[in-house]
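The residues making up each chain are set out below.
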Amino acid sequence: MPEPTMVAATGTTGTGADTAATGTSLAADYFQSYSVVGLLAVVGVLFVAVAFGAGRLLRPVVPTPEKLLTYECGVDPVGEGWAHTQVRYYVYAFLYVIFAVDSIFLFPWATVFAAPGYGAATLVEMFIFLGFLAVGLLYAYKKGVLTWT
């Protein structure tokens, strides 16, 4: 699919109709690109809807008391379903997400750092970002979040 291109008006020999036709052609190419993406999205949604509909029509529906029981790991449910979860697991997950995002940002910085003219500014931005993360990690350490008890 051709990429839409911009046409520069030089002001020499061109009529208003030429410029309008070029602009209309540019807009048509632009919307054609998005129409392909939209059509693909609609086809994907229809594919999933047809698959779920076929599954609903083809499966046997025989509800029994055993099938309606809560099932987990082959153990019959006993007692109530309330369980305490310690908050520290969520804190560890949150810290993991922070450092995963950090590593995601380091890869684009590494590619831009090699480009001419962007080295020093990119390096300063990277260390400022890492500084904020270090302050957050120091805060978590001071609060005792990182100690496993």
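That block above? That's the structure.
Just so it is clear, the structure is predicted and the values come from calculations on it, not from any experiment.

Reading the values: the criteria
- Residues numbered from 1 in each chain as written.
- Predicted model: local features only at pLDDT ≥ 70, side-chain atom pairs only at ≥ 80, totals over all residues.
- Heavy atoms only, no water.
- Helix = DSSP H or I, 4+ residues; strand = E, 2+ residues; numbered from the N terminus.
- Buried < 20%, exposed > 50% of the residue type's maximum accessible area, 1.4 Å probe, protein only.
- Contact = heavy atoms within 4.5 Å.
- Areas by Shrake-Rupley, 256 points an atom, 1.4 Å probe, with all protein chains shown as cover.
- Axes fitted to C-alpha atoms, helices over the stretch in contact; angles between N-to-C directions.
- Parallel < 35°, antiparallel > 145°, perpendicular 65-115°, else oblique.
- Nonpolar A, V, L, I, M, F, W, Y, C, P; charged D, E, K, R; others polar.
- Expected span 1.5 Å × (residues − 1).

**Q** Sorry if this is basic, but what is going on with the overall build of the protein here?
**A** Summing up its helical and strand segments, the protein has three helices and zero strands in all. Overall, the protein shows an N-to-C arrangement of helices and strands of α-α-α. Across the 149 residues of the protein, 5% fall into the buried class. By sequence separation, contacts in the protein at least 24 residues apart represent 55% of the contacts at least 6 residues apart. Total accessible area on the protein stands at roughly 13,100 Å², and carbon and sulfur atoms take up 72% of it.

**Q** In this structure, what is going on with the packing of helix α2 (residues 87–113) against helix α3 (residues 119–142)? I would like to understand it.
**A** Angle between the axes and distance between the axes are the two parameters that describe a pair of packed helices. Relative to each other, α2 and α3 sit at 170 degrees, their axes nearing to 10 Å. As judged from the angle between their axes, α2 and α3 are roughly antiparallel. Listed contacts from α3 to Leu 95, Ile 98, Phe 99, Asp 102, Phe 105, Leu 106, Trp 109, Val 112 and Phe 113 of α2 are Gly 119, Thr 122, Leu 123, Glu 125, Met 126, Phe 129, Leu 130, Leu 133, Leu 137 and Ala 140. Tallied by class, residues from the contact of α2 with α3 come to 15 nonpolar, two polar and two charged.

**Q** Sorry if this is basic, but what is going on with α2 here?
**A** Since one α-helical turn is 3.6 residues long, residues separated by three or four positions face the same way. Between its first and last C-alpha, α2 extends 39 Å over 27 residues, near the 39 Å set by a 1.5 Å rise per residue. Every buried residue of α2 is listed here: Leu 95, Asp 102 and Trp 109. Residues of α2 that are buried sit in contact with α3.

On their own, these measurements won't tell you what the molecule is for.
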